[in-house]
Amino acid sequence: MLSIKNLQVSVEEKPILKGLNLEVKPGEIHAIMGPNGSGKSTLAHVLSGREGYSVDSGSAHYKGLDLLDMAPEIRAREGMFLAFQYPIEIPGVNNTSFLKKALNEIRKHRGEEELDAIDFLGLIKQQMKLVEMKADLLKRPVNQGFSGGEKKRNEILQMAVLNPTLAILDETDSGLDIDALRIVAGGVNKLRSADNAFVVITHYQRLLDYIVPDFVHVLSDGQIIKSGTKELALELEERGYDWLIEKAESQV
Amino acid sequence: MIDESKKSTSNNDENIAMSDEQQTIQNITDQEYKYGFTTEIEMEEFPLGLNENIVRMISAKKNEPEFMTEWRLRAYRHWLKQTEPKWPKLDYPEVNFDDLYYYAAPKNENAPKSLDEVDPELLATFDKLGVPLEERELLAGVAVDAIIDSVSVATTFKDKLNELGIIFCPMSEAIQDHPDLVKKYLGTVVPYTDNFYATLNSAVFSDGSFVYIPPGVRCPMELSSYFRINAAKTGQFERTLIIADKGSYVSYLEGCTAPMRDENQLHAAIVELIALEDAEIKYSTVQNWYAGNKEGVGGIFNFVTKRGLCSGNNSKISWTQVETGSAITWKYPSCILKGDNSVGEFYSVALTNNYQQADTGTKMIHQGKNTRSLIISKGISAGKSNNAYRGLVKVNSKAENARNYSQCDSLLIGDQCGAHTYPYLEIENPTAQVEHEATTSKVSEDQIFYLNQRGISTEDAVGMIVSGYAREVFQQLPMEFAVEAQALMAVSLEGSVG
Ligand SMILES: Nc1ncnc2c1ncn2[C@@H]1O[C@H](COP(=O)(O)OP(=O)(O)OP(=O)(O)O)[C@@H](O)[C@H]1O
Ligand SMILES: [Mg+2]
């Protein structure tokens, strides 16, 4: 589903990703961990098409499509979803109409009929239960005045409504209380199927108790220096990253 | 040569849109309306330039009573003593007033002969706004001789309005049929001595709307100047007068969202509103005159004087405007709050793109006790445009307990445009409470990317962000108008990002 080969990315001449490889197959959940500033969000942004990054070499294919060649909205319509580490506020734009527009853009792209307001409300009410979100947040402008946790839940609500094929969750667990964490994870687990995949960026092994990954990768200084199964996350929790980084450096 | 034949089309430049409750009727009539126009495009021979003789000719042509001719002449003589104001933050070539036609101009030899000769971008815009094919030629200023005949729907509504005693007709007709009302109110809010452009308008005004709502009557429908076809030729010096008698209410819509071309580059309109005791007037405008091309060539110069007088106690006047067109806009819809407890409101979205320039705002003049005013101004600048808000809040010494709240926001798209805010305060009474807030923000790349990542194109994203920003103003517009206005925003901003 997602195939990243030797991806090298820089920002303003500064190399951030330095030859990253990753294969994600349908049905899989991959966790990406790693120290602050190692390039996790950069990876998420590059994959979803944010401007300001220069891809110096390597490739990224999604469902066989050359991802790096596609406009961000086309990637989204093809089923890629990024849950933002810092969700953006859009003053005055109603959360529901925004999400309806987004869903209908995706449906149009797939050649499906657009949902009218009534059908859409039906759908969204159902998905709201999944993330146990307060109904009044739907009437408010997108993320405006939302608490940190509410913003994260709103990301998961959007994910649930848009039902992506590949979802990248960038530290969706940061800033969530224990209950919210469980709810968000529950949402992911419900959406999980043999046809879709998740890339979960996190600092905490705690999330991985709820969302059990098939693979755990450690990203350090723009490269994946170690991949393993969920046990790796436990080990990282205990020992930190230094031992791995030292090991990686000694191998160079 | 003066063609003395009276135009047979004088009442078609008015049309009427219905309020929400009458949606069904509207749907039916809308269809009729789209095709139901009688228009005769005549060739008028009228000399270039302006002098007393021309003013007399205009008046004679309209069979005006003596008082009107005299009034026009007084205005003209006053105009001769005036010079064009230079204080607005606008930069435009000097207008040669001797090189203009002051009466329905003759056909322009340079007018496009068919849509094939029209700027393809303009045509694309018509497409996006869903302008019917048969209206495109007229809007684009194609020199057609087409006669689209059928009965005007306006007459149907007129009967209904007549039953209620509401007068809604072209100004030229009001001067003939209701001279007492015209004499009593014309120029009482905007005197002919008011300002350079108002004086010019008073001397040579072509036509416009006249509305009178009798005491206690709530006008059951939105009155609309949806001037689409005929009035396109008289748009240059429009003059509108609306009187809401005691305890009455009216909502009036001006303009249309389709971009309008006009051979006349200079526009100087006047709108006067008068609300008597307990009366309310709501006046909404969508202004989308041709703004010129991307390089800033062509486009209308729009110098408008709009003013409302809350003459009676407890009266209310509310202006809502969505300004996206014209190369130059100079416009300050204002309220004189004379009656005690009277209320003035001003809601504005002014969008400028490319090389457009807008200097717009409002004046709230508090004269009565407990008068209140509210100003919500949302400026949006994109491209290399300049957008200035200029607002005056004045509280006279006798206006006890006056209150004003002003919110003036600017939104910038890109970094080559400008936004300027000039709030003026003149407070002569210590009991006044005046609050002013101003913000400047930018459409951020983060916002656009966020929406992109949800499948929304950049163009739509900018449209959404801008509509969200201006939501408080759009909410004031009648539903249908609001939807059209938002679509218009998106189209006007096309290509301004990315
Ligand atoms: N626009 C930018 N300009 C300059 N440097 C940038 C820019 N964006 C990212 N960087 C740098 O790239 C590096 C990787 O940043 P990134 O946000 O991808 O880290 P991260 O792994 O997500 O960190 P965290 O765990 O703190 O979220 C950092 O050193 C950051 O400062
Ligand atoms: Mg990050």
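Cut-offs applied
- Numbers given to residues run from 1 along each chain, matching the order in which its sequence is written.
- Both sets of labels track the order of writing: A upward for chains, 1 upward for ligands.
- Thresholds applied to this predicted model are a pLDDT of at least 70 for local features of residues and 80 or more for the giving and counting of side-chain atom pairs; totals over whole chains, interfaces and linings are not thresholded and use all residues.
- Note: side-chain values were computed over all heavy atoms of the structure, leaving out hydrogens and water.
- Secondary structure elements follow DSSP: runs of H or I no shorter than four residues count as helices, runs of E no shorter than two count as strands, and numbering proceeds from the N terminus.
- For each residue, the accessible area found with a 1.4 Å probe, counting protein chains only, is set against the maximum for its type, and the residue is called buried under 20%, exposed over 50%, and partly exposed in between.
- Only heavy atoms enter the contact rule, under which two residues are in contact if any of them lie within 4.5 Å.
- The accessible surface values rely on the Shrake-Rupley method and a 1.4 Å probe; as for residues, cover is taken only from the protein chains in view.
- Every case where a carboxyl oxygen of Asp or Glu lies within 4 Å of a side-chain nitrogen of Lys or Arg is listed as a salt bridge.
- For two strands to be treated as a pair, DSSP must find at least two bridges joining them.
- In this analysis, axes come from line fits to C-alpha atoms, helices being fitted only over the stretch in contact, and the angle between any two N-to-C directions falls in the range 0 to 180 degrees.
- Note on definitions. A residue lies near a molecule or strand when any single heavy atom of the residue is within 4 Å of it.
- The term polar contact refers here to a pair of N or O atoms within 3.5 Å; inside protein, the definition further demands a hydrogen-donor-capable atom paired with an acceptor-capable atom, and it admits residues adjacent in sequence only when both atoms are side-chain atoms.
- Residue classes follow a fixed rule: Ala, Val, Leu, Ile, Met, Phe, Trp, Tyr, Cys and Pro count as nonpolar, while Asp, Glu, Lys and Arg count as charged, and any other residue, Gly among them, counts as polar.
- Domain start and end points were adopted from an automatic or database domain assignment.
- Only N, O and S atoms count as donors, using a 2.8 Å cut-off from the metal and 3.2 Å for Na, K and Ca, and because water is excluded some sites may appear unfinished.
- Per residue, pLDDT measures the predictor's confidence, with a range of 0 to 100.
- In this scheme, a crossing is called left-handed if the near helix is turned counterclockwise away from the far one by less than a right angle; it is called right-handed if the turn is clockwise.
- Working definition: rings of Phe, Tyr and Trp (its six-membered ring) pair if their centres are within 6.5 Å, and the pair is stacked with planes under 30 degrees apart, edge-to-face with planes over 60 apart, and tilted otherwise.
- As a working definition, buried area equals the accessible area (1.4 Å probe) given up by two parts on being put together, with both sides summed.

**Some remarks on the overall build of chain B**
- Secondary structure summary: chain B contains 13 helices and 20 strands in total.
- Across the 498 residues in chain B, those meeting the buried criterion constitute 61%.
- Here the analysis covers contacts within chain B between residues at least 6 apart in sequence; of these, 86% occur between residues at least 24 apart.
- For chain B, the exposed surface amounts to about 19,500 Å²; the carbon and sulfur share of it is 48%.

**Concerning the pattern of salt bridges**
Residues and elements named next belong to chain A.
- Applying the stated rule across the entire model yields 30 salt bridges over all chains.
- With its nearest N and O atoms 3.8 Å apart, the salt bridge here joins E112 to R107.
- Note on E112: relative accessible area 33%, which makes it partly exposed.
- In this structure, the salt-bridge partner of D214 is R192, at a minimum N-O distance of 3.4 Å. Of the two residues, D214 is situated in the loop between helix 8 (205–210) and strand 11 (215–220) and R192 in the loop between helix 7 (178–191) and strand 10 (197–201); the sequence distance between them amounts to 22 residues.

**Focus on the sheet that holds strand 1 (residues 2–11) of chain A**
Residue and element names in this part refer to chain A.
- Strand order in the open sheet formed by four strands is 2-1-4-5, and the pairing between neighbours is antiparallel. Looking along the sheet, the strands with just one partner apiece sit at the ends: strand 2 (14–24) and strand 5 (65–66).
- Looking at chain direction, strand 1 and strand 2 are connected through eight bridges and run antiparallel. In the sheet register, Q8 faces strand 2, and the bridge partner there is K18.
- Against the sheet, helix 1 (residues 40–48) touches strand 1, strand 2 and strand 4 (54–62), its axis set at about 110° to strand 1.

**Some words on the site of ligand 1**
Residue and element names in this part refer to chain A.
- The immediate surroundings of ligand 1 are formed by 14 residues, with G37, K40, S41, T42 and H203 found nearest.
- Taking K14, its side chain carries an N or O atom lying 3.3 Å from an oxygen atom of ligand 1.
- At 3.0 Å, a backbone N or O of G39 approaches an oxygen atom of ligand 1.
- Looking at the shell around ligand 1, the elements that each hand over two or more residues are strand 2 and helix 1.
- Top element by residues in the shell around ligand 1 is helix 1. It accounts for three residues.
- Its residues assigned to classes, the shell around ligand 1 shows three nonpolar, eight polar and three charged.
- The two domains that each donate at least three residues to the shell around ligand 1 are domain 1 (1–16 + 48–65) and domain 2 (79–178 + 186–215).

**Considerations on the coordination of the magnesium ion (ligand 2)**
All names here are of chain A.
- Note on the magnesium ion (ligand 2): its protein donors are S41 (OG) and Q85 (OE1). The metal-donor distances range over 2.0 to 2.3 Å. Remark: Q85 occurs in the loop between strand 6 (80–83) and strand 7 (90–94) and S41 occurs in helix 1; sequence separation between them is 44 residues.
- Look at Q85 and you get buried, because its relative accessible area is 17%.

**Some thoughts on the confidence of the model for chain A**
- When pLDDT is averaged along chain A, the result is 91, and 99% of the positions lie at 70 or above.
- The element-level mean pLDDT for chain A is lowest in helix 10 (residues 242–251) of chain A, coming to 79, with helix 2 (residues 72–77) of chain A highest at 97.

**Some remarks on the confidence of the model for chain B**
Residue and element names in this part refer to chain B.
- On average, residues of chain B score 79 in pLDDT, and 75% of them are at 70 or above.
- Every residue in residues 1–44 scores below 50 in pLDDT, and together they form 115 contacts with partners more than four places removed in sequence or on other chains.
- Every residue in residues 227–235 scores below 50 in pLDDT, and together they form 26 contacts with partners more than four places removed in sequence or on other chains.
- For this predicted complex, the interface confidence score (ipTM) comes to 0.95, while the overall pTM stands at 0.79.

**Section: helix 9 (residues 196–204) of chain B**
Residues and elements named next belong to chain B.
- Within helix 9, nine of the nine residues are buried, which leaves it mostly tucked inside the rest of the structure.
- For helix 9, the set of buried residues is F196, Y197, A198, T199, L200, N201, S202, A203 and V204.
- Its side-chain oxygen at 2.9 Å from the backbone nitrogen of Y197, N195 defines the N-terminal cap of helix 9.

**Some remarks on the packing of helix 3 (residues 66–80) of chain B against helix 9 of chain B**
Residue and element names in this part refer to chain B.
- Remark: helix 3 packs on helix 9, axes separated minimally by 7 Å, with the N-to-C direction vectors making an angle of 145°. Here helix 3 and helix 9 pass one another in a crossing that is left-handed. Side by side, helix 3 and helix 9 meet where W71, R72, A75, Y76, H78 and W79 of the first sit next to F196, T199, L200, S202, A203 and V204 of the second.
- Partitioned by chemical class, the residues of the contact of helix 3 with helix 9 number eight nonpolar, three polar and one charged.

**Quick look at the interface of chain A and chain B**
- On the side of chain B, 18 residues touch chain A, which itself brings 30 residues to the contact.
- Across the contact surface, chain A and chain B share three salt bridges.
- Notably, a salt bridge pairs K101 of chain A with D460 of chain B, separated by 2.9 Å at the nearest N-O pair.
- The interface formed by chain A and chain B contains twelve residue pairs in polar contact (both at pLDDT 80 or more).

**So, the pairing of strand 1 of chain A**
All names here are of chain A.
- Following strand 1, the chain reverses through two residues before pairing antiparallel with strand 2; E12 in that reversal takes a positive phi of roughly 45°.
- By the bridge criterion, seven bridges tie strand 1 to strand 4 in an arrangement that is antiparallel. Across the sheet, S10 pairs through a bridge with S54, a residue of strand 4.

**Concerning helix 1 of chain A**
- Along helix 1 of chain A, eight of the nine residues are buried, which leaves the element largely enclosed by surrounding structure.
- Of the residues one or two after helix 1 of chain A, G49 of chain A is the one with positive phi, at around 95°.

**Describing the packing of aromatic side chains**
Residues and elements named next belong to chain B.
- If you walk through the whole model with that rule in mind, you get 14 aromatic pairs over all chains.
- Both rings, one in Y197 and one in F303, keep their centres 4.2 Å apart while their planes meet at 10°; by these two values the pair is stacked. One end of the pair, Y197, is in helix 9; the other, F303, is in strand 10 (residues 301–310), and 106 residues separate them in sequence. Per residue, the accessibility class of Y197 equals that of F303, and both read buried.
- When the ring of Y197 is compared with that of W330, the centres are 5.0 Å apart and the planes differ by 70°; the resulting orientation is edge-to-face. With Y197 in helix 9 and W330 in strand 12 (residues 328–331), this pair connects stretches of sequence that are 133 residues apart.

**Quick word on the sheet that holds strand 11 of chain A**
Residues and elements named next belong to chain A.
- Reading across from one edge, 6-9-10-3-11-12 is the order of the six strands in this open sheet, with mixed pairing throughout. The sheet is open, and its two edges are formed by strand 6 and strand 12 (223–228), each paired on a single side. Put simply, the sheet's adjacent strands are angled 20° from each other on average, direction ignored.
- Contacting strand 3 (29–33), strand 6, strand 9 (166–170), strand 10 and strand 11, helix 1 crosses the sheet at an angle of about 145° to strand 6.

**Looking at the environment of L477 of chain B**
Residues and elements named next belong to chain B.
- Relative to the helices and strands, L477 resides in the loop between helix 12 (471–474) and helix 13 (479–492).
- Look at L477 and you get buried, because its relative accessible area is 6%.
- Each C-alpha atom of the pair L477 and L253 lies 9.0 Å from the other, and the pair is 224 residues apart in sequence.
- Once residues lying within four places of it in the same chain are set aside, the contact partners of L477 are S284, T320, V322, A482 and A485.

**Considerations on the domain arrangement of chain A**
All names here are of chain A.
- By domain assignment, chain A separates into domain 1 (1–16 + 48–65) and domain 2 (79–178 + 186–215).
- Here the C-alpha centre of domain 2 lies 24 Å away from the C-alpha centre of domain 1.
- At the junction of the two partners, domain 1 supplies five residues and domain 2 supplies eight residues.
- Roughly 550 Å² is buried in total at the junction of domain 1 and domain 2, and carbon and sulfur atoms are behind 77% of that figure.
- Considering only the side of domain 1, the residues that lose the most area to domain 2 are M1, S48 and Y62, jointly responsible for 77% of the buried surface there.

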